[in-house]
Amino acid sequence: MSQKTDKKNVIKEIIAEKEKGFGTLKTKTRSNTSDTPGKEFSRETKAAAFIRDALPGSPRCKICNGYLPSRINSIDHIKRKADGGLGTLDNAQLTHPYCNTTFKN
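Every chain's residues receive numbers from 1 upward, in the order its sequence appears when written. Local features in a predicted model are, by the rule used here, given only for residues with pLDDT of at least 70; side-chain atom pairs are given and counted only at 80 or more, and totals for whole chains, interfaces and linings are based on all residues. In computing side-chain values, all of the structure's heavy atoms are included and hydrogens and water are not.

## What to know about the side chain of serine 74
Next, step 1: Tracing the chain through its elements places serine 74 in strand β1 (residues 74-77).
Next, step 2: A polar contact is formed between the side chain of serine 74 and the side chain of asparagine 100, at a distance of 3.0 Å.
Next, step 3: By definition in these notes, contact holds between two residues if any of their heavy atoms fall within 4.5 Å. For serine 74, the residues in contact, after removing those within four places along its chain, are Gln93, Leu94, Thr95, His96, Pro97 and Asn100. Secondary structure counts use DSSP, requiring at least four H or I residues in a row for a helix and at least two E residues in a row for a strand, with both numbered from the N terminus. Polar contacts here mean pairs of N or O atoms no more than 3.5 Å apart (in protein, one a potential hydrogen donor and the other a potential acceptor; neighbouring residues in sequence count only if both atoms are side-chain atoms).

So, in structure tokens, the structure goes:
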């Protein structure tokens with residue numbers, strides 16, 4: 001038996017949680033990962049970057065400033081991996097796949 005969800009209440013809960021800074025959101029910790037971040041983004045970092053950039057409004061590409069479609073985006077390193085950039089949330093930004101694969105100045 002499925003319970004019908006009231007859309008208005010869900011939206012109110014999300015807004016209330018956003019005002020609190022999403023303090024009650026919990027992330028799963030993985031016991032088989034090292035404490036030192038690698039150069040690749042983990043699934044958790046990709047999800048956190050998307051949530052961070054998408055919740056305030058329509059997400060925009062950090063390179064060209066165009067709007068990002070909800071399902072077509074990529075996570076880019078702000079500091080390139082070749083230059084020592086790590087796969088951390090502080091080094092992640094949402095971009096168009098095209099913008100992420102072309103040379104950036």
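## Looking at unusual backbone geometry
Next, step 1: Look at asparagine 65: it is not a glycine, yet its phi comes out positive at around 70 degrees.
Next, step 2: Mapped onto the fold, asparagine 65 is located in the loop between α2 (43-54) and β1.

## Things to note about the pattern of salt bridges
Next, step 1: Within this document, salt bridges are pairs made up of a side-chain nitrogen of Lys or Arg and a carboxyl oxygen of Asp or Glu, the two lying within 4 Å of each other. This structure, assessed with the given rule, holds three salt bridges.
Next, step 2: The salt bridge involving aspartate 53 is made with arginine 52; its shortest N-O contact spans 3.0 Å.
Next, step 3: Arginine 80 is the salt-bridge partner of aspartate 83, the closest N and O atoms lying 3.1 Å from each other.

## A look at the pairing of β1
Next, step 1: Under the scheme applied here, a residue whose accessible area is under 20% of the maximum for its type counts as buried, over 50% as exposed, and between as partly exposed, the area being computed with a 1.4 Å probe on protein chains only. Across the two faces of β1 the burial is the same, with Ser74 and Asp76 and Ile75 and His77 all buried.
Next, step 2: Strand pairing follows a simple DSSP-based rule, namely that at least 2 bridges must link the two strands. Bridge analysis of β1 against strand β2 (residues 92-95) gives four bridges, and the strand direction is antiparallel. Across the sheet, the residue bridging to aspartate 76 is glutamine 93, located in β2.

## Some remarks on the nonpolar core
Next, step 1: The set of buried Ala, Val, Leu, Ile, Met, Phe, Trp, Tyr and Cys residues whose side-chain atoms join them within 4.5 Å is what this entry labels a nonpolar core. Phe41, Ala49, Cys61, Leu68, Ile75, Ala92, Leu94 and Cys99 form the largest nonpolar core, which has eight residues in total.
Next, step 2: Discounting chain neighbours no more than four positions away, the residues touching cysteine 61 are Gly66, Leu68, Leu94, Thr95, His96 and Cys99.

## So, α2
Next, step 1: Each residue after the first adds 1.5 Å to the expected span of a helix. With 12 residues, α2 should cover 16 Å at 1.5 Å per step; its first-to-last C-alpha distance of 16 Å lies within 8% of that length.
Next, step 2: The set of residues buried in α2 consists of Thr45, Ala49, Asp53 and Ala54. The buried residues of α2 occupy an angular sector of 150 degrees when the element is viewed end-on, so they sit on one face.
Next, step 3: Considering only its buried residues, α2 is in contact with β1 and β2. The directions considered for the arc are those from the helix axis to the C-beta atoms.

## What to know about the side chain of glutamine 93
Next, step 1: Summarising the element assignment, glutamine 93 is placed in strand β2.
Next, step 2: You can call glutamine 93 buried: its relative accessible area is 13%.

## Overview of the packing of aromatic side chains
Next, step 1: Aromatic rings from Phe, Tyr and Trp, taking only the six-membered ring of Trp, are treated as a pair when their centres fall within 6.5 Å; an angle between ring planes under 30 degrees marks them as stacked, one over 60 as edge-to-face, and anything in between as tilted. Within the structure shown, the criterion is met by zero aromatic pairs.
Next, step 2: The criterion is that NZ of a Lys, or CZ of an Arg, lies within 6 Å of the ring centre and within 35 degrees of the ring normal, and then a charge sits over that ring. The ring of tyrosine 67 carries the charged tip of arginine 60 above its face, separated from the ring centre by 3.8 Å.

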